[in-house]
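The residues making up each chain are set out below.
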Amino acid sequence: MNYKTIITLLPATVAVARLTRKCFYHLSRKQLLCTVCGLLSSAAFAQTSNPLGLYKLEEIRRQDGEKVDAGYKQYKYCAENVTLQIGYTPEFFPCLPFGFAFDNVDGKPLRVTGELSKTENRGIQVFGDNVKECFTLRWFNDRSHFNEHVFPFDTNTDELYRIVNDSTDAIFRAVSALEMKPGGQQNPLRGVWHLRGRQTKNNARSQYWVERAESDMYLVFGDNCALYVEGNDKFPAGRLNCVYNNIKYLSDRAFELFNYTANVHWFDSNTIAITSQYDSDQPVVCIWDRCGFTQNIQNVFGTKVPRMTKDVSRFYVDYFLNKYGEQSEAVRQSYETYDYAVRLNEDNNAIFPKLMKHGLKQEYEAMRDTLLSRMMRGEIDVDEAVSRYYYWFYSQFDHHTSCEGRLFNKLCEENEIDYHKLIKNYAPKPVACNVDAETYLIRLPSCMGMFPTIEWLNEKIEEYLHSGCKYLILDLRGNNGGNDGMSLSVARLMCDCSGLEDSKSYLRASFFNKAWLRDYYYDLAPEQIKHVLHEAKDVPDGDYSVWSSFPKGDYEFQPKVKRGAIIIDADCASAGEAPIAFVHNYSKTHAKVYGRESSEGSDQTGNVFVTKLPNSDITVMIPMTVDGTFDKVVEKRKPGLSPDVIIPLPYPDELTDNIDPWVLWVAKKMKR
């Protein structure tokens, strides 16, 4: 075992590491006593008649019948194809960690031979009435004069082993963890993790600037123990060294070893950072990836846990140095910021897999990699790299995929309509009133629930229903979104049929997305969110689970209008766009959409999370859900919904709480 690796890299406390080192030195001396034990027979008997499982040495008797104490603890781990010997000397205090090892003396499985004569036998005998419960292993010492007072030379020694099913036994716990047997604990940490290395800046929220581990090290979380295991590609021919620790799970983000707390930061379901600190020492942050043991180890313990396949090379210090050489701290931070922005989007954006499915992978990767190369050559700064990266999505596919960068905002200003320049006073305000004797107007400039409130809107809907008006105009100009329920509560009054097409939206299953939903709603989550999270629980990262589904032919509406109209502009986004698609699917003859420009283009996605990039003031917005009709947007590469009827008038001089010429024109048009 590389003790330097344990001390400097493992997330156990420094105290644990030091005690572990002492345990291994102690074990190596005692282990000499065990090397003459456990020579195995290759006799071929049925599997059911041979020992299988973990057995503990209970008693040793010499050939003369005298019981002896060898001064060590020993187990046999009997598998179908190999038997391993486990020897250790635990610390005086049972709460302390200790080292042990799996040794294979001759590479053979343990087979029942039957009892032979004590005087005639000079090999190995394995016998017992019920070897599934206990067996006796008799061996003849013709090999060594070492420790003859315990194992006399040229005589037989009997060792009695009994099956271990005691959940308080440390070796039983360790073996159960290595076998990945299901237990009572459901903590997501449970399983095997491979050490990537130490995070040099001790920043638990960064995967970058990682020094590679010096050895092939694994951390196994069991129900009530944690094991550090050093990989060995020669195992079971070579020994497998382990360190045992009792563990107390405080949550899925913290655990306690040897009375010291280690904190866990989850990057995704398969990568964590573990931070540990002992007394006044500096904290140590190590990065671990969920990963099955190498195949030779898995074959012994009967597990089938996939090996890690993702490429993590870009996170290593040596990768960066080999590719870019020595760089200033500012350049290193820019690299981390840009790479983080890209990975966050690729791993969580609901539209990303669909874009790749539509043959855009080569174009996308060329754009992504070119921006990184230009940034690393100093041609552009990180703000421009991130801004142009997100604008590629924003301008062609989805306005929810965006960022708050200086260049990004400038690109939007240059390429989008600015109504404040076209209309002298562009400040839409809530309005609910008669346009004429037969037409009622509801202007809804926001669906955020504040301006106006939901209570105000519900009151105005009731006012319309009792007004006697036959025509209803929903004016959504300037509505940047919020809660779909607000705008749809008005749009549904214009609907006259059941769904003309299936309407489905999907959650992109990712660790981040599911964790965000869980944390955002916490225990106040509506039933739909709870249902979605339950359904998505076992969906692999990158796949989709259903967010909502409204099948064709369901939810039939009865119209509350003779004619309905929705007025839109290019500032209509998200919940401000939802009524457009809604009336197109649920109204055959009672509703039309009026305007001059298409809506903004946030209608196909939703449930956006906002997060700040590391080393930066840039925030990014990424949608977690996408509609089933998004494929059509990909094909046309122009987001947004077009109006059914183009309003031929010039822009009004004012749009506030007034009845402007566009509303009057639509009111007249509806009655023809």
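Refer to the structure printed above.
## Some thoughts on helix α5 (residues 317–324)
Since the α-helix advances by 3.6 residues per turn, residues separated by three or four positions end up pointing in the same direction. Taken as a whole, α5 has its buried residues at V317, F320 and Y324. Buried residues of α5 fall within an arc of 70° about the axis and therefore sit on the same side. Check the buried side of α5 and you find it contacts β10 (210–212), α6 (329–348) and α7 (352–376).

## Considering α6
Here α6 contains 20 residues, and its C-alpha end-to-end distance of 28 Å stays within 8% of the 28 Å for a straight helix at 1.5 Å per residue. Burial analysis of α6 places 14 of its 20 residues in the buried class, the great majority of the element.

## Here's the deal with a nonpolar patch on the surface
On the surface, a cluster of nonpolar side chains totalling about 380 Å² of accessible area is made up of M448, M450 and F451. Examined against the element boundaries, M448 turns out to sit in the loop between β21 (439–443) and α11 (454–465).

## Some words on the state of the cysteines
Scanning the model with the defined rule gives 0 disulfides in all. Unpaired in this structure, C572 has its nearest cysteine sulfur neighbour in C447, at a distance of 9.5 Å. Note on C572: relative accessible area 0%, which makes it buried.

## Focus: the nonpolar core
Among the nonpolar cores identified, the biggest contains 63 residues, and Y338, L355, Y364, V386, Y389 and Y390 are the most heavily contacted of them. When residues in this core are grouped by element, the largest group, 10 residues, is from α7. Contact partners of V386, with chain neighbours within four places excluded, come to Y338, A341, C403, L613 and I618.

## A word on the sheet that holds strand β29 (residues 645–646)
Reading across the sheet, the 6 strands line up as β20-β21-β22-β25-β26-β29 and stay open at both edges, with mixed pairing between neighbours. Edge positions in the sheet fall to β20 (431–434) and β29, since each of these pairs with one other strand and no more. The sheet contact formed by β21 and strand β22 (residues 471–475) spans 5 bridges and is parallel. In the strand pairing of β22, L441 is matched with I473. Sitting on the sheet, helix α15 (residues 578–586) touches β22, β25 (563–567) and β26 (591–595), and the angle it makes with β26 is about 145°.

## Overview of the pattern of salt bridges
One pass over the full model with this rule turns up 33 salt bridges. Between R377 and E379 there is a salt bridge; the shortest N-O distance is 2.9 Å. Residue R377 is classed as exposed on the basis of its relative accessible area of 54%. Residue E384 is joined to R388 by a salt bridge in which the shortest nitrogen-to-oxygen separation is 2.9 Å. Of the two residues, E384 and R388 both sit in helix α8 (residues 382–396), 4 residues apart, roughly one turn of that helix.

Definitions and limits used
- Residues numbered from 1 in each chain as written.
- Predicted model: local features only at pLDDT ≥ 70, side-chain atom pairs only at ≥ 80, totals over all residues.
- Heavy atoms only, no water.
- Buried < 20%, exposed > 50% of the residue type's maximum accessible area, 1.4 Å probe, protein only.
- Helix = DSSP H or I, 4+ residues; strand = E, 2+ residues; numbered from the N terminus.
- Arc of directions from axis to C-beta.
- Contact = heavy atoms within 4.5 Å.
- Expected span 1.5 Å × (residues − 1).
- Patch = residues over 30% accessible without salt bridge, like charges linked within 9 Å, V, L, I, M, F, W, Y side chains within 5 Å.
- Areas by Shrake-Rupley, 256 points an atom, 1.4 Å probe, with all protein chains shown as cover.
- Salt bridge = Lys/Arg side-chain N within 4 Å of Asp/Glu carboxyl O.
- Disulfide = S-S within 2.5 Å.
- Core = buried A, V, L, I, M, F, W, Y, C linked by side-chain atoms within 4.5 Å.
- Pairing = 2+ DSSP bridges.
- Axes fitted to C-alpha atoms, helices over the stretch in contact; angles between N-to-C directions.

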